[in-house]
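Residues per chain, in single letters:
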Amino acid sequence: MGLNHYLVLSAVLFGIGLWGALSKKSAVVILMCIELMLNAAAIAMVAFSRFVAPDLLTGQVFAIFIIVVAAAEATVALAIIMSIYRSRDSIDATKIDLMKW
Amino acid sequence: MVAAFLLFSVGIIVSALAVVLLKNIFRASLMLVFCFFLIAGLFASLSADFLAAIQVLIYVGAISVLIILAIMLTREITLGSLTNKLGIPALVASGFVSVSLIVTAINTDWPVSQAPPADPTTPLLANLLFSPEHFMLPLEMAAVLLLTTIIGAIILVRDK
């Protein structure tokens, strides 16, 4: 199993996440698909760390920061979703158009 | 090694497709948790043992609980996972992104090293994260980011 296999897996997972994030209505499902895309990036980072520089581990440090940012992003996004649900009674992303020009 | 990679990659792709395609949002979130577990297994097969543990702790333990809680609190389960008007164009666009990423990755000559992987990785990661000449400043900024996140989430959901 070489580097290319892991990169192909990461690209396919990223594509699936992007498809879901672009085509879903519910804000929670869009958030779930964004988590998939972040995980695809983490897989690519760890694969680079394993195959290109196995003794430096820089890619794994980057993956740790990706996980930290994903946790922060999920927390704030779900707080925004709860706040929108409380005021508009719906989290349909096609109907949340208050800031659309 | 090959069998583990095939098993994990097929499982990851099938469960990620289930996240997008399932009509029941709660089942989709359970498939997302399964996908996170399989990615932790993939990290373990890449000899990233600490990262596999972190993946299980943070994604499976914390983020999935947040997502399931949000599904429970917003009545989304009664509507199902709806698709907007852009389903097919989004599939074409993301397929294009995916294919171009794959073509680029395969056609690039990566400088693959034959050195054996570090094992265990935890002391090396600790040295990298907590030494000032490496990643100590980003680590402290991550701590500030998490504090800001907590305060922001509390302010957003607090009762007026």
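All values derive from a computational prediction rather than experimental measurement. The written sequence of each chain sets the order in which its residues are numbered from 1. By the order in which they are written, chains take letters starting at A while ligands take numbers starting at 1. For a predicted model such as this one, the threshold for reporting local features is a pLDDT of at least 70, and the threshold for listing and counting side-chain atom pairs is 80 or more; totals across whole chains, interfaces and linings nevertheless cover every residue. Neither water nor hydrogens contribute to the side-chain values; these are computed over all heavy atoms in the structure.

All names here are of chain B. UniProt positions are given in the numbering used here, feature names are shortened, and annotations may be inferred rather than shown by experiment. Following the UniProt record, one finds the feature "transmembrane region" (unreviewed entry) at residues 6-22, 29-46, 52-74, 86-106 and 135-157. Counted over residues 29-46, helix gives 94% and strand 0%. Its end C-alpha atoms are 26 Å apart. In DSSP terms, a helix is any run of H or I states spanning at least four residues, a strand is any run of E spanning at least two, and both are numbered starting from the N terminus. Taken end to end, residues 135-157 is 96% helix and 0% strand, and its first and last C-alpha atoms sit 33 Å apart.

Right, let's talk about the interface of chain A and chain B for a bit. Many descriptions give the size of an interface as the accessible area lost when the pieces come together. Between chain A and chain B, the contact holds 68 residues from the first and 79 residues from the second. The term buried area denotes the loss of accessible surface (1.4 Å probe radius) that occurs when two parts are joined, taken as the sum for both partners. Taken together, both faces of the contact between chain A and chain B bury some 6700 Å²; the carbon and sulfur share is 79%. It is A:Trp19, A:Met32 and A:Ile67 that lose the most area in chain A upon contact with chain B, and together they represent 10% of the buried surface on that side. By salt bridge we mean one thing: a side-chain nitrogen of Lys or Arg within 4 Å of a carboxyl oxygen of Asp or Glu. The interface formed by chain A and chain B contains zero salt bridges. Throughout, a residue-residue contact means that at least one pair of heavy atoms, one from each residue, lies within 4.5 Å.

Here is a general trend for soluble globular proteins: nonpolar side chains tend to be buried in one another's company. The term nonpolar core refers to a set of buried residues drawn from Ala, Val, Leu, Ile, Met, Phe, Trp, Tyr and Cys, joined through side-chain atoms within 4.5 Å. For each residue, the accessible area found with a 1.4 Å probe, counting protein chains only, is set against the maximum for its type, and the residue is called buried under 20%, exposed over 50%, and partly exposed in between. Core analysis: the biggest nonpolar cluster contains 74 residues, and A:Leu13, A:Val28, B:Ile12, B:Leu42, B:Phe43, B:Leu51 and B:Ile67 have the highest contact counts within it. For this core, the secondary structure elements donating two or more residues are helix 1 (3-23), helix 2 (27-51) and helix 3 (58-88) of chain A together with helix 1 (2-21), helix 2 (25-45), helix 3 (49-73), helix 5 (87-107) and helix 6 (122-130) of chain B. With 16 residues, helix 2 of chain A is the largest single contributor of residues to this core. A domain assignment, automatic or from a database, supplies the domain bounds used here. Summarising the domain contributions, this core has at least three residues from each of domain 1 (1-75) and domain 2 (118-159) of chain B.

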